[in-house]
Amino acid sequence: TARNTAQQAVDKIDRYFLRTSKSRQSTFGRPLPGGKNWSSEQQLRLEQDLTERLERTTRFRLTRGELEAHARLAVARFGVRAAALTAEDNPGIDSLITKSPQATQQELKYVITNEHAATVDDVMRRRLGLALTPGAGLELLPAVVQALRTYANRSQSELDQEMSIYKKRYQNRS
């Protein structure tokens, strides 16, 4: 994984500078998908927690299977960090934005506040990977713009311009 490669590079730097104590990043020892300590049991548990949370908060009438699809996508996207999406401190914030399994309000908040996504393109393409999905996530644009206004204090005029650029780029691909 990228973490292991980075740790090997840091270890070489430590040896080069003859450091006796190893440098450690703040996430050292926390499992990531595909890394050491990540298990299928963890993944399943996170998916079940998210499914139950979505059941309690969504305004859409979805089958259990559809809710599970949303949860699987969130865990695939965020790995163990998806546990933050089940936090009970913001009731209702992770209600589904659309019926299709694309993103939740909590995911939007997370990528903006924790991963510092600052533009429409960054949220849609890089953080959520929606540009490569059928429809390119176009139905989510209003929710993304609102989340960027709320959590990143972006102006509506700038966001309208970014939304227009995104629509032009992806509307004909869907």
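The preceding data block contains the structure.
Residues numbered from 1 in each chain as written. Predicted model: local features only at pLDDT ≥ 70, side-chain atom pairs only at ≥ 80, totals over all residues. Heavy atoms only, no water.

A short note on the overall build of the protein chain
So, step 1. Along its length, the protein chain carries 7 helices and 0 strands.
So, step 2. Residues counted as buried form 40% of the 174 residues belonging to the protein chain.
So, step 3. For the protein chain, contacts bridging at least 24 residues in sequence account for 61% of all contacts bridging at least 6.
So, step 4. In the form shown here, the protein chain has an accessible surface area of approximately 10,300 Å², with 50% of it arising from carbon and sulfur atoms. (Helix = DSSP H or I, 4+ residues; strand = E, 2+ residues; numbered from the N terminus. Buried < 20%, exposed > 50% of the residue type's maximum accessible area, 1.4 Å probe, protein only. Contact = heavy atoms within 4.5 Å. Areas by Shrake-Rupley, 256 points an atom, 1.4 Å probe, with all protein chains shown as cover.)

What about the packing of helix H2 (residues 40-57) against helix H3 (residues 64-78)?
Packed helix pairs are specified by the crossing angle of their axes together with the interaxial distance, meaning the distance between the axes.
So, step 1. Put simply, H2 and H3 touch, their axes get as near as 8 Å, and they point 125° apart. In terms of their interaxial angle, H2 and H3 are classed as oblique. Crossing of H2 against H3: the hand is right-handed. Mapping the contact onto sequence places Gln43, Leu46, Glu47, Leu50, Thr51, Leu54 and Glu55 in H2 and Arg64, Leu67, Glu68, His70, Ala71, Arg72, Ala74 and Val75 in H3.
So, step 2. Of the residues in the contact of H2 with H3, the class split is 7 nonpolar, 3 polar and 5 charged. (Axes fitted to C-alpha atoms, helices over the stretch in contact; angles between N-to-C directions. Parallel < 35°, antiparallel > 145°, perpendicular 65-115°, else oblique. Left-handed = near helix turned anticlockwise from the far one by under 90°. Nonpolar A, V, L, I, M, F, W, Y, C, P; charged D, E, K, R; others polar.)

Some words on the nonpolar core
So, step 1. Val120, Val123, Met124, Leu128 and Tyr166 are the most contacted members of the largest nonpolar core, which totals 32 residues.
So, step 2. Looking at this core, the elements with two or more residues in it are H2, H3, helix H4 (105-113), helix H5 (120-127), helix H6 (141-152) and helix H7 (156-170).
So, step 3. Sorting elements by how many residues they give to this core places H6 first, with 6 residues.
So, step 4. When sequence neighbours within four positions are dropped, the list of residues in contact with Val123 reads Leu108, Val111, Ile112, Ala117, Leu128, Val144 and Leu148. (Core = buried A, V, L, I, M, F, W, Y, C linked by side-chain atoms within 4.5 Å.)

Section: the side chain of Glu162
So, step 1. With respect to the element layout, Glu162 can be found in helix H7.
So, step 2. Engagement of the side chain of Glu162 in a polar contact is seen with the backbone nitrogen of Val120, the distance being 2.9 Å.
So, step 3. Ignoring any residue separated from it by four or fewer positions in sequence, one finds Glu162 in contact with Thr119, Val120 and Arg154. (Polar contact = N/O pair within 3.5 Å; in protein donor to acceptor, adjacent residues only side chain to side chain.)

A look at the packing of H3 against H4
So, step 1. Packing of H3 against H4 leaves a shortest axis separation of 12 Å and a crossing angle of 10°. Considering the angle they form, H3 stands roughly parallel to H4. Contacts between H3 and H4 involve Ala74, Arg77 and Phe78 from the former and Glu107, Tyr110 and Val111 from the latter.
So, step 2. Taken together, the residues of the contact of H3 with H4 sort by class into 4 nonpolar, no polar and 2 charged.

As for the pattern of salt bridges
So, step 1. For the structure on display, the rule yields 8 salt bridges.
So, step 2. When the shortest N-O distance is used, the salt bridge between Arg125 and Asp121 registers 3.0 Å. Residue Arg125 and its partner Asp121 are located together in helix H5, separated by 4 residues, close to a single helical turn.
So, step 3. Given the relative accessible area of 38%, Arg125 is considered partly exposed.
So, step 4. Here the residues in one salt-bridge network are Glu115, Asp122, Arg126 and Arg127, joined through shared partners. (Salt bridge = Lys/Arg side-chain N within 4 Å of Asp/Glu carboxyl O.)

A word on the packing of aromatic side chains
So, step 1. Scanning the entire structure with this criterion turns up 1 aromatic pair.
So, step 2. Residues Tyr166 and Tyr170 carry aromatic rings whose centres are separated by 4.5 Å and whose planes lie at 40° to one another, so their mutual orientation is tilted. One end of the pair is Tyr166 and the other is Tyr170, both in helix H7 and 4 residues apart, which spans about a single turn.
So, step 3. The buried category is assigned to Tyr166, whose relative accessible area is 1%. (Phe/Tyr/Trp six-rings, centres within 6.5 Å; stacked < 30°, edge-to-face > 60°.)

Regarding the environment of Ala84
So, step 1. With respect to the helices and strands, Ala84 occurs in the loop between H3 and H4.
So, step 2. Residue Ala84 is classed as partly exposed on the basis of its relative accessible area of 34%.
So, step 3. C-alpha of Ala84 to C-alpha of Leu50: the two residues are 34 residues apart in sequence and 9.9 Å apart in space.
So, step 4. Leave out the neighbours within four places in its chain, and Ala84 touches Gln106 and Tyr110.

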